[in-house]
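# Per-entry structural report
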Protein chains: 4
Amino acid sequence: MQFASDNTAGISERILKAIAEASNGFAGSYGGDERTRALEARMADLFERDVTIFPVVTGTAANALSMAAIAPPWTGILCSHDAHVMTDECGAAEMFTGGAKLFGIDGRHAKFDADELARRLEAWPGGVPHHVQPAAVSISQVSEFGAVWSVGEVGAIGEVAKRNGLKLHMDGARFANAVAALGCAPADITWRAGVDILSFGATKNGALAAEAIVVFDPDLAASLAYRRMKAGQLLSKGRFLAAQFLAYLEDGHWLELAGHANAKASDLGAAIEAAPNCRLAVPVQANEVFAFIAPSVDRALTEAGAAYHDWPAGIPDPEDPPVDGEKLVRFVCSFQTTGQEVGRFAQVIGTA
Amino acid sequence: MQFASDNTAGISERILKAIAEASNGFAGSYGGDERTRALEARMADLFERDVTIFPVVTGTAANALSMAAIAPPWTGILCSHDAHVMTDECGAAEMFTGGAKLFGIDGRHAKFDADELARRLEAWPGGVPHHVQPAAVSISQVSEFGAVWSVGEVGAIGEVAKRNGLKLHMDGARFANAVAALGCAPADITWRAGVDILSFGATKNGALAAEAIVVFDPDLAASLAYRRMKAGQLLSKGRFLAAQFLAYLEDGHWLELAGHANAKASDLGAAIEAAPNCRLAVPVQANEVFAFIAPSVDRALTEAGAAYHDWPAGIPDPEDPPVDGEKLVRFVCSFQTTGQEVGRFAQVIGTA
Amino acid sequence: MQFASDNTAGISERILKAIAEASNGFAGSYGGDERTRALEARMADLFERDVTIFPVVTGTAANALSMAAIAPPWTGILCSHDAHVMTDECGAAEMFTGGAKLFGIDGRHAKFDADELARRLEAWPGGVPHHVQPAAVSISQVSEFGAVWSVGEVGAIGEVAKRNGLKLHMDGARFANAVAALGCAPADITWRAGVDILSFGATKNGALAAEAIVVFDPDLAASLAYRRMKAGQLLSKGRFLAAQFLAYLEDGHWLELAGHANAKASDLGAAIEAAPNCRLAVPVQANEVFAFIAPSVDRALTEAGAAYHDWPAGIPDPEDPPVDGEKLVRFVCSFQTTGQEVGRFAQVIGTA
Amino acid sequence: MQFASDNTAGISERILKAIAEASNGFAGSYGGDERTRALEARMADLFERDVTIFPVVTGTAANALSMAAIAPPWTGILCSHDAHVMTDECGAAEMFTGGAKLFGIDGRHAKFDADELARRLEAWPGGVPHHVQPAAVSISQVSEFGAVWSVGEVGAIGEVAKRNGLKLHMDGARFANAVAALGCAPADITWRAGVDILSFGATKNGALAAEAIVVFDPDLAASLAYRRMKAGQLLSKGRFLAAQFLAYLEDGHWLELAGHANAKASDLGAAIEAAPNCRLAVPVQANEVFAFIAPSVDRALTEAGAAYHDWPAGIPDPEDPPVDGEKLVRFVCSFQTTGQEVGRFAQVIGTA
């Protein structure tokens, strides 16, 4: 019962095979290879428009480089209080931008309303050099509490951002899970909804280590070739990043993997709803399950060897706090999660 | 005839197999896995002492993070004018350190004498806040012109560094090629010779993407766990970095791969020496061959489809400049280079 | 009726005279002059111990350089949500530290309890590289809502900081006003209470532009000579910074100036308490007066030509919000404020 | 005999008086005062066009902020090997730019030829992300070896910069001395010759501490209001910076002061030429005199109490090195230097 994170899983068979195949023979280095060129075309197809892509190896790098491209040192980036860029990247954005500030916005499930964003921007002391000026908004799709932004929600944020001259970044560490959940075109949830730059993750969903910065606003692409190199994120054997992504995107493999993970999470969520001493903290929409569990459940799961994380940082919904000794925990399903594991989980909590 | 770079090669069979094996099942993320722990022990064995290691994915990241650990923002790092950290990393060290300066030192073959280093340090305006203060020395083993630092040469640099209170960094992007060439213990050419921190590369010698910062001075290790995360260089599926390195180091695989590359370069160098219209610019010591070639040789090789690089930046030895229309070029051999390729190369240049 | 800020005032007569005197003849540059040496001795007397001082020209520079000296790039600094370093310095601390994060703490009057600080530190996910690690605490004396930290309050913060291995910084832009209000020895409210580094401001209290970083922890001083230069804060004609401070500190001039400003603010506060349509938002302790005023008062003051600032950012006390159309405003008195001005102010609001 | 530097002098009478006058009454803070507005108009007059100005307190800040405005983190700035920004500012430019690199160009007297600049730019490996890309050129007027760039020389540099898409910065720490020497309009030697941004110094020529970033390219001005604040260089009592500059520029006071210093340096140079055991290392053009002196002269001057600096860093002209135990030294004259001092100097060296 491995529910600690989707990054405790390995590499999908198809991606592993693609890496092996890419290893044959010689290839141009630093992205000067056929696979990288093919990926550019493949991404353009996927997003139904020209895009510039910058494959990198971690989500933190993708996010921090994206921030640096859209937020000069004296500006601010608005995001959820619980955003990964805010809390889990050791201040990478602050370093890569040269000192920009991140501002947390209130909301439920690590999302926030376009209205709340608009209010914050209206109240901003604009044009006064004492105050960092807002330059960008960042949203995580899937959110840090496992919630999915609908096409309409992203569009509303995009609209407010555009109106205020701000760029919109999407942290898509679990972009596949979101697209699988929404069943929409990738374009609909990104540039058509106002997203200027996307961190498109594959690692959590079956890659070895592959993330791509996808740039929809051509003006933003110019600096990134240099910034990526300067950050030590340009791989000499770039073909292996491209190979992972090509296999990931081929025949909808990425959505298949994500769909599997989402389905298992859905089952796991149903088991929690059916069990006596635990309850969902957030409706399950993708591959993460946040739940309040009683000490007895915690004990039973631990004894049964289940791996999952306590989640002491933040509460998904201020109006729905834990009660009676409940504890907030997170269970994550991956492409590798089996029905058997989820079945056993249901069994354990059903009697705890 | 692929001699453009050792990073145009693929992944060695053993390393590829290790990646596939590591993909089975689940593993702790962010370095909390068994393979990463095993690698720490393996590295301690290899270097005959306790070390702290920080696997990352590029040499630039390994170098820039190492610099950041040893050189505060107001200090300087002395290195060869031709050092990779100086000329080929888009100023990564300047960014990661927060604004330290790199100072080029004169020398032959992208190396420099300990005496020259000592002279520079003596002349430094110490303690004056207008001037950045020297904090570190960086040498590349193998050097950027394919030369290997002997144990004595590194020791002499280490001694000057220590005497002046400076830390010594070794950029070991081709560390395996150097150790294979020297036939010495890794300890002899690193910490026993005064090296405090090493960028230990595997990518150019058969890995997919694997570099390790190896820290010999325990005081330097404290900040690096955070700096690596902040730089977006901590892999979530860290087991795959560890797996690459474990396979790399097992049964002397790394030295076998490097030895092969060195031998091919040696043959290629011999072919150049035997041919009429070209000559070595630097004695061949590892897997790179720098040569002055006449236009006829350049033409013949290009027509034969050989891949290699012009090398317009710098001259290996100021006392031995190109003459009569000669051009400086670089040929690199890798673990993948075949005797057949080198044979054909010899044939082409023999009649050009 | 100039109550916009204490920095709308000019230079005190004694300080102006000292500048003129210092202009005679030649003097060593970059701090190598007699006045700077005399100031070091004078500061040591004032603080009853050895200190290292770094005169600079703005409070932002003093604060940001202090932060850089105590908080490495991967760490965090805890301060009030309303701290000047948090909200009014355009992210200077983030830049000077190389990317450290500031964390706001809840509290009243831009102060916070030692217990609240302790709670935050206990809950911190320590040793995990994803999370920036707390390195320092910063408090503003006087606080941004005009409140003075008592000796005991600072000591309690200092105790929590020390216990957690954190450095304590004091932003003393209005340090004189605090000391004048408390009537304590400068040592009592700084190093004896656990402060490691102080931004000692003189500009707001009668200097042209003079702030001094006062370092109580000798280890922190080493880097600052270089950091100050690198930040463009080392004045070539340093004698003029020293001259300002020497005159400022001579014969208790600084406390006389601050005492005057405090007294005028006290009178102004009393006038507000006596007037019908306004009330104090924070008890007056130093030279700033925060008040809730009715629209009629706002109108009357504006018509009478009074200069003061609306204060839309934050509420001094969450339990005491504005009601019935009240607006939060700030009035500041300086050494230049006259009894006549305050009298007229009282008259205007008395009938508004 | 105070020839150590022009920054060992005090404040000119007129500027001191202007500071005192500005101290009367209240004034808007942070540049929101009448004097600052008047200075903007005055500068526009002086430069015969619209300019945006950012007064700061040190030349290092003016230079580093200018660099930050014209050189993104992944770029390079070309300047003389002996440029102040290269050697004497503790790497401020590297920090303020977020990691840009400075590249030294060969030349005489800390100047360089437009042809040499063009050659360097032609040889640049453009568009390759491994290499920082040239973004700007910086020249110092007066140069660090006391030489003045002619209008034609600046124009030639400006032309090469423009052709290559680079911005041109002028470090005018001794701008007044250059303009006084050239007798040209400030516009002729700046924007008309291709300068985009100027560090206009007043401190070395009679101000307390006043430098202004003068921006000719409007696009560059946008970020500087924020960068200056973030750098802790926006003075709260900005009126005193403006007051210094207004007095400095009034009735040609700046040129009068500089003309005096230049004339004294000219006399001092003539004395050196007339004396037996010393010689000029650089023709005297402004207020600095670089000379090679024999040990006997060094001894005689020291015994007579003369203050001046040894100049071990660099040689003004590689083709004219010191011989026979000569030492390179620097004498600087200021607005405060008297004919009497120079006369005594001539007497001392005449018999040494």
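Our structure's up above, just so we're on the same page.
In this report, we go over the structure that sits alongside the text. (Residues numbered from 1 in each chain as written. Chains lettered and ligands numbered in written order. Predicted model: local features only at pLDDT ≥ 70, side-chain atom pairs only at ≥ 80, totals over all residues. Heavy atoms only, no water.)

### Thoughts on the overall build of chain A
Spelled out, the test is: Secondary structure follows DSSP: runs of H or I at least 4 residues long count as helices, runs of E at least 2 residues long count as strands, and numbering of each begins at the N terminus. Atoms considered for the radius of gyration are the C-alpha atoms alone. The globule rule reads 2.2 Å times the number of residues to the power 0.38. Contacts are assigned to residue pairs that have any heavy atoms within 4.5 Å of one another. Accessible surface area values rest on a Shrake-Rupley calculation with a 1.4 Å probe, where residue burial reflects the displayed protein chains alone. For the purpose of charge, His is not counted, nor are the chain termini; Lys and Arg are scored as positive and Asp and Glu as negative. A charge is said to be at NZ when it belongs to Lys, at CZ for Arg, at CG for Asp and at CD for Glu.
For chain A, the helix and strand inventory stands at 15 helices and 11 strands. Taken over C-alpha atoms, the radius of gyration comes to 20 Å for chain A, in line with the 20 Å a tight globule of 352 residues would show. Structurally, chain A occupies a C-alpha span of about 60 × 60 × 30 Å along its principal axes. Taking all contacts inside chain A whose residues are at least 6 apart in sequence as the whole, residues at least 24 apart take part in 77%. Only carbon and sulfur atoms are counted for the fraction: they give 49% of the accessible area of chain A, which is about 11,400 Å². For chain A, the separation between the mean place of its 28 positive charges and that of its 42 negative charges on side chains is 5 Å.

### A closer look at unusual backbone geometry
Inclusion rule: Burial status follows relative accessibility: with a 1.4 Å probe on protein chains alone, a residue under 20% of its type maximum counts as buried, one over 50% as exposed, and anything between as partly exposed.
Between Gln141 of chain B and Val142 of chain B the backbone carries a cis peptide bond, its omega angle lying at 0°. Despite not being glycine, Ala110 of chain A shows a phi value in the positive range, around 60°. Position of Ala110 of chain A among the secondary structure elements: in the loop between strand 3 (101–105) and helix 6 (114–122). A relative accessible area of 2% places Ala110 of chain A in the buried class. The phi torsion at Tyr30 of chain D lies on the positive side, around 55°, for a residue other than glycine.

### Regarding the packing of helix 2 (residues 34–47) of chain D against helix 11 (residues 239–249) of chain D
All names here are of chain D. Rule in force here: Each axis is a line fitted through C-alpha atoms, and for a helix only the stretch in contact is used; angles between axes span 0 to 180 degrees, taken between their N-to-C directions. A crossing counts as left-handed when the near helix is turned anticlockwise from the far one by less than a right angle, and as right-handed when that turn is clockwise. Note that Gly is not counted as nonpolar here; it falls among the polar residues with everything else outside the nonpolar set of Ala, Val, Leu, Ile, Met, Phe, Trp, Tyr, Cys and Pro and the charged set of Asp, Glu, Lys and Arg.
Two elements in contact, helix 2 and helix 11, have axes whose closest approach is 8 Å; the angle formed by their N-to-C orientations is 35°. The handedness of the crossing between helix 2 and helix 11 is left-handed. Only Arg239, Ala242, Ala243, Phe245, Leu246 and Leu249 of helix 11 make contact with helix 2, whose side of the interface consists of Arg35, Thr36, Ala38, Leu39, Arg42, Met43 and Leu46. The residue makeup of the contact of helix 2 with helix 11, split by class, is 9 nonpolar, 1 polar and 3 charged.

### Overview of the pattern of salt bridges
Here is the rule we go by: A pair is scored as a salt bridge if a Lys or Arg side-chain nitrogen falls within 4 Å of a carboxyl oxygen belonging to Asp or Glu.
Taken as a whole, this structure holds 72 salt bridges over all chains when the rule is applied. In this structure, Asp251 of chain B and Arg14 of chain B form a salt bridge, with 2.8 Å as the shortest nitrogen-oxygen distance. Placement of the pair is Asp251 of chain B in the loop between helix 12 (239–249) and helix 13 (253–274) and Arg14 of chain B in helix 1 (residues 13–22), with a sequence separation of 237 residues. Where Glu48 of chain D meets Arg192 of chain D, a salt bridge forms, and the shortest distance between an N and an O atom there is 2.6 Å. Taken together, the residues span a long stretch of sequence, with Glu48 of chain D in the loop between helix 2 and strand 1 (52–56) and Arg192 of chain D in the loop between helix 8 (175–182) and strand 6 (197–201) at a distance of 144 residues. Shared partners join several salt bridges into a network, and the residues in it are Asp6, Arg174, Glu288 and Arg330 of chain A.

### Notes on the sheet that holds strand 10 (residues 309–310) of chain A
The test is simple: Here a strand pair is declared whenever DSSP counts at least two bridges between the two strands.
Strands sit in the order 8-9-11-10 (chain A) across an open sheet of 4 strands; the sheet is antiparallel. Each edge of the open sheet is held by one strand with a lone partner, namely strand 8 (278–280) and strand 10 of chain A.

### Observations concerning the sheet that holds strand 10 (residues 309–310) of chain C
All names here are of chain C. The antiparallel open sheet is built from 4 strands, whose spatial order is 8-9-11-10. Whereas interior strands pair on both sides, the edge strands pair on one side only; in this sheet they are strand 8 (278–280) and strand 10. In this sheet, strand 11 (residues 327–332) lies alongside strand 9 (residues 288–293) in antiparallel orientation, the contact comprising 6 bridges. Residue pairing across strands places Phe290 opposite Arg330, the latter belonging to strand 11. Its contacts with the sheet place helix 13 (residues 253–274) against strand 8, strand 9 and strand 11, and it is angled at close to 15° to strand 9.

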